[in-house]
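These are the residues of each chain, in order.
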Amino acid sequence: MRDKAGVLASEAAGLVRGRRGAGLGQRSFIFVGWQEPIGCGGCAVFPGDVIVCDDDGAVVIPQNLVEFVAEEGVEHERMETWIVSEVERGVKLPGLYPMNEEAKARYQAWKNNS
């Protein structure tokens with residue numbers, strides 16, 4: 001199930017049939033190798049890649065991009081926090097997401113004062 005936390009928080013009815021993808025019984029899994037590239041859900045996964053999972057799903061980060069993604073992730077989270085605070089103050093979403101030049105300037109000023 002995708003977006004498990006959101007579904008649970010919404011109290012909407014949900015039905016999950018199992019813990020695996022459709023048609024993937026335990027007998028479907030056969031060990032064929034170790035530390036080899038694979039394809040999973042249409043995504044290439046190589047030895048050394050980082051896989052991050054939570055209740056909303058999983059993401060594969062190529063090994064050579066881990067540091068970049070970590071740094072950008074912190075900045076993106078900071079920006080999202082600011083956008084949410086702006087919306088909570090009553091600012092309209094257009095212009096905030098994606099940010100126009102005025103919003104970028106306000107965000108930079110907020111970031112400099114934080």
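Heads up: the structure comes first, above all this text.
Right, let's walk through the structure included here. In this text, all values refer to a predicted model and were calculated from it rather than measured experimentally. (Residues numbered from 1 in each chain as written. Predicted model: local features only at pLDDT ≥ 70, side-chain atom pairs only at ≥ 80, totals over all residues. Heavy atoms only, no water.)

**Side note on the side chain of Asp-49**
Consideration 1: On the secondary structure map, Asp-49 appears in the loop between strand S2 (43-45) and strand S3 (50-54).
Consideration 2: Of the residues examined, Asp-49 reaches a relative accessible area of 18% and is grouped as buried.
Consideration 3: In this structure the side chain of Asp-49 is engaged in a polar contact, spanning 2.8 Å, whose partner is the backbone nitrogen of Phe-46.
Consideration 4: A polar atom in the side chain of Asp-49 sits 3.2 Å from the backbone nitrogen of Gln-63.
Consideration 5: With sequence-adjacent residues up to four places away left out, Asp-49 is seen in contact with Ala-44, Val-60, Ile-61, Pro-62 and Gln-63. (Helix = DSSP H or I, 4+ residues; strand = E, 2+ residues; numbered from the N terminus. Buried < 20%, exposed > 50% of the residue type's maximum accessible area, 1.4 Å probe, protein only. Polar contact = N/O pair within 3.5 Å; in protein donor to acceptor, adjacent residues only side chain to side chain. Contact = heavy atoms within 4.5 Å.)

**Points about the layout of surface pockets**
Consideration 1: If you add up the space inside the largest pocket, you get close to 710 Å³.
Consideration 2: Ile-38, Cys-40, Val-45, Ile-51 and Val-60 are, among the 23 residues lining the largest pocket, the residues nearest its centre.
Consideration 3: Those elements giving two or more residues to the lining of the largest pocket turn out to be strand S1 (38-40), S2, S3 and strand S4 (57-61).
Consideration 4: Looking at the lining of the largest pocket element by element, the count peaks at four residues for S4. (1 Å grid on protein atoms, 1.4 Å probe; cavity = no way out; pocket = protein on both sides within 12 Å on 5 of 7 lines; lining within 4 Å. Points joined across faces, edges and corners; volume = space filled by probe spheres on them.)

**With respect to the pattern of salt bridges**
Consideration 1: Applying the stated criterion across every chain yields a total of six salt bridges.
Consideration 2: The partner of Glu-75 in a salt bridge is Arg-78, and the shortest N-O contact between them spans 2.6 Å. Residue Glu-75 and its partner Arg-78 are located together in helix H2 (residues 66-88), separated by three residues, close to a single helical turn.
Consideration 3: We classify Glu-75 as partly exposed; its relative accessible area is 23%.
Consideration 4: Across the salt bridge formed by Arg-106 and Glu-102, the nearest N and O atoms sit 3.2 Å from each other. One end of the pair, Arg-106, and the other, Glu-102, are both in helix H3 (residues 101-113), four residues apart, so they sit about a helical turn from each other.
Consideration 5: Its relative accessible area of 28% is what places Arg-106 among the partly exposed residues.
Consideration 6: Take Glu-102: its relative accessible area is 52%, and that puts it in the exposed class. (Salt bridge = Lys/Arg side-chain N within 4 Å of Asp/Glu carboxyl O.)

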